[in-house]
Amino acid sequence: MSILTVLLVVGFLFTSIVSYFVAQKTLAEQIAGSTLPLTSDNIYSEIQQDLLRPIFISSLMAHDTFVRDWVLAGETDPDKMVRYLREIQKRYGTVTSFFVSEYSHHYYHSSGVLKTVSPDDPQDRWYFNMPKVLQDYQVNIDRDTSDLTSMTVFINYKVYDYLGNYIGTIGVGLGVKSVKGLIETYQERYGRTIFFTDRQGKVALVGSQYDGPNSLRDIPGLDIYATQILTSPSTSLTYQQDNHTYYFNSRLVEDFNWYLIVLEKETAGEARIQKTLLINIAISLAITTVVLIIAGITIGNYQKRLEAMATTDKLTGLTNRQMFDFLYKQAWKANLRRKTALSILIIDIDHFKHVNDTYGHPAGDQVLQAVAKALAETLRGDDMLFRWGGEEFLALLSDCSIDQARILAERLRSRVEEQAIYRGEATIQVTVSLGAAELQVDEEADRLISRADQALYRAKHGGRNRVETATGQSS
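We now turn to the structure provided with this report. (Residues numbered from 1 in each chain as written. Predicted model: local features only at pLDDT ≥ 70, side-chain atom pairs only at ≥ 80, totals over all residues. Heavy atoms only, no water.)

**Notes on helix α14 (residues 445–461)**
In this model α14 runs 24 Å from its N-terminal to its C-terminal C-alpha over 17 residues, within 8% of the 24 Å that 1.5 Å per residue would give. Within α14 the residues assigned to the buried category are A445, L448, I449, R451, A452, A455, L456, A459 and K460. Against the buried residues of α14 lie α10 (324–338), β13 (342–349), β14 (384–389), β15 (392–398), β18 (432–438) and β19 (467–469). G463, located one to two residues past α14, shows a positive phi value of around 125°. (Helix = DSSP H or I, 4+ residues; strand = E, 2+ residues; numbered from the N terminus. Expected span 1.5 Å × (residues − 1). Buried < 20%, exposed > 50% of the residue type's maximum accessible area, 1.4 Å probe, protein only. Contact = heavy atoms within 4.5 Å.)

**With respect to the packing of aromatic side chains**
On inspection of all chains with the given rule, the structure shows 17 aromatic pairs. Note on W70 and Y108: the rings are 5.1 Å apart at their centroids and 85° apart in plane angle, and the pair reads as edge-to-face. Taken together, the positions of W70 in helix α3 (residues 65–72) and Y108 in strand β2 (residues 106–109) put the pair 38 residues apart, joining distant regions of the chain. With respect to class, W70 is no different from Y108; both count as buried. (Phe/Tyr/Trp six-rings, centres within 6.5 Å; stacked < 30°, edge-to-face > 60°.)

**Some remarks on the pattern of salt bridges**
One pass over the full model with this rule turns up 14 salt bridges. In this structure, D121 engages K115 in a salt bridge whose closest nitrogen and oxygen atoms are separated by 3.1 Å. Taking the shortest distance from any N to any O, the salt bridge between K353 and D357 comes out at 2.8 Å. A residue pair is termed a helical-turn pair when its members lie 3 or 4 positions apart in one helix, as K353 and D357 do in helix α11 (residues 352–359) at 4 residues. A single burial state applies to K353 and to D357, both of which are exposed. Ionic contacts of the salt-bridge type, sharing partners, join the residues K115, D121 and D124 into one network. (Salt bridge = Lys/Arg side-chain N within 4 Å of Asp/Glu carboxyl O.)

**With respect to the nonpolar core**
Soluble globular proteins: nonpolar side chains tend toward being buried together. Core analysis: the biggest nonpolar cluster contains 34 residues, and M61, M81, Y84, F99 and I170 have the highest contact counts within it. With near-sequence residues (within four places) excluded, Y84 lies in contact with M61, D64, F66, V67 and I170. Core analysis: the second largest hydrophobic core is formed by 33 residues, A372, L379, C400 and V467 among them. (Core = buried A, V, L, I, M, F, W, Y, C linked by side-chain atoms within 4.5 Å.)

**Brief notes about the sheet that holds strand β11 (residues 258–265)**
Across the sheet, which stays open at both edges, the 5 strands sit in the order β8-β7-β11-β10-β9 with antiparallel pairing between neighbours. The outermost strands of the open sheet, each flanked by one partner alone, are β8 (203–206) and β9 (234–241). Pairs of neighbouring strands in the sheet enclose a mean axial angle of 25°, with direction left out of account. Bridge analysis of strand β7 (residues 193–197) against β8 gives 3 bridges, and the strand direction is antiparallel. What sits directly across from T197, in β8, is V203. (Pairing = 2+ DSSP bridges. Axes fitted to C-alpha atoms, helices over the stretch in contact; angles between N-to-C directions.)

**A word on the sheet that holds β15**
In space, the 6 strands of this open sheet follow the order β12-β14-β15-β13-β18-β19, with mixed pairing throughout. The strands lining the two open edges of the sheet, one partner per strand, are β12 (319–320) and β19. Pairing geometry for β18 and β19, over 3 bridges, is parallel. For G435, the partnering residue across the bridge sits in β19 and is E468. Along the sheet, helix α13 (residues 402–418) makes contact with β13, β15, β18 and β19, crossing β18 at roughly 165°.

**A word on the packing of α3 against helix α4 (residues 78–92)**
At their nearest, the axes of α3 and α4 sit 11 Å apart, and the two run at 160° to each other. Between α3 and α4, the crossing angle belongs to the class labelled roughly antiparallel. In terms of crossing hand, the pair formed by α3 and α4 is left-handed. Contacts between α3 and α4 involve F66, V67 and W70 from the former and P78, K80, M81 and Y84 from the latter. Classifying every residue of the contact of α3 with α4 gives 6 nonpolar, no polar and 1 charged. (Parallel < 35°, antiparallel > 145°, perpendicular 65-115°, else oblique. Left-handed = near helix turned anticlockwise from the far one by under 90°. Nonpolar A, V, L, I, M, F, W, Y, C, P; charged D, E, K, R; others polar.)

**Examining a negative patch on the surface**
There is a patch of like negative charges on the surface, built from D325, D442, E444 and D446. Residue position: E444 is located in the loop between β18 and α14. (Patch = residues over 30% accessible without salt bridge, like charges linked within 9 Å, V, L, I, M, F, W, Y side chains within 5 Å. Areas by Shrake-Rupley, 256 points an atom, 1.4 Å probe, with all protein chains shown as cover. Lys, Arg positive; Asp, Glu negative; His and termini not counted. Charge placed at Lys NZ, Arg CZ, Asp CG, Glu CD.)

**Focus: the pairing of β2**
Pairing of strand β1 (residues 96–101) with β2, which is carried by 3 bridges, proceeds in the antiparallel orientation. Looking at the pairing, V100 lines up with Y107 of β2. Connecting β1 to the next strand, β2, in antiparallel fashion are 4 residues, including H105 with a positive phi near 65°. Judged from the 4 bridges that link them, β2 and strand β3 (residues 112–116) form a sheet pairing that is antiparallel. Bridge pairing in β3 links H106 to T116. With antiparallel pairing between neighbouring strands as the criterion, β2 and β3 make up a hairpin whose turn holds 2 residues.

**Brief notes about α3**
Since the α-helix packs 3.6 residues into each turn, any two residues three or four apart lie on the same face. Within α3 the residues assigned to the buried category are V67, R68, W70 and V71. Seen along its axis, α3 keeps its buried residues to an arc of 165°; they face one direction. Its side-chain oxygen placed 2.9 Å from the backbone nitrogen of F66, D64 serves as the N-cap of α3. Phi for G74, located one or two positions after α3, is positive at around 105°. (Arc of directions from axis to C-beta. Polar contact = N/O pair within 3.5 Å; in protein donor to acceptor, adjacent residues only side chain to side chain.)

Right, here's the structure in full:
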């Protein structure tokens, strides 16, 4: 009996100890290879919503025809630019908005013309470095010219004229406090240390609780990996510091040209594994459950990505044809419930083959992207735009009669016609033909599309760059 007891005790202890080390190793690999990258993905997704919005706003400002036309007209009325910047700041809730002219070197702000920038002023050095920046924009943290006591995250976006000549820099700013608040929210939510570094490894943005070094190269245990981290778009590794294991994950946020850094200390994992040693079976089941949950989350994320790839046109970013039936049924039910009209537009780029033959297929892709962007920006908020195939697009217009659809189609036609697309030294201008149709009582989607397609056919054979409706009216 004694021998059996010893064998059982030794066997149990051996099994428990082996289980402990196996579980410890498994947990480490799980954190380094799955959990931490998954957290990084989630944070990156939220950054796209919270922090990349100012880049989008600055891009819209840099491509605004008002800005370019006003500069090219000689900046004769500074109040126009001041009002424009004030409206941008008010509409999008930024802490500042600005424009610096390459011609006059005036610094326009939402509060007025603040100064004339000078290469001799250290505070203005950022502007005179802009022509050397390879990207169209740069993100930097600096003191606000209108309030020297306030640190601001600036998005500086280059502005070009219609010939591609640099004419100034425009953009918006976010308060550093608000951005730090976002980082602290992420840290509290995910229970990990989160901060940003620039491409040289210098810490660029942290939460108020961060008390670490100012560079990745100064973090003990991590310094030997700094070059590897800063030359890779993403890195996952484990390092030792003060007899503790740390799990590290980095990801390059290209829009900011910064690295997102996520760190986790091993202590929390060890506590869970120590419980495994005491109540092996129960905790083993819990770990299995956690692993399954994490696997389910990972698979779910990949499934969402696959669904996005299956429903989104890669070139234009528009919803593709495969999603039309589902979205059409939703729109049809909503309009039936509200007893409102439902119309569609089929839009075709005129002489698109000539563009491909003359300028090449990359230019054709650029034209498709530019036309898709122009159409999306001109449509109403509830309208849906699809890449229908080739050079064709389809717009689904809720709460829209045929007369309203025709008016909207004319706006789309004019917007595309007025748009200039620059390809190197060449300027490409295209037009579109449109066919419109309104849903009739008990009409199937195929029939509605067929009538709109017939209207498009009449527009193409009626001279192009025109709108035809399924009722036979034309313009």
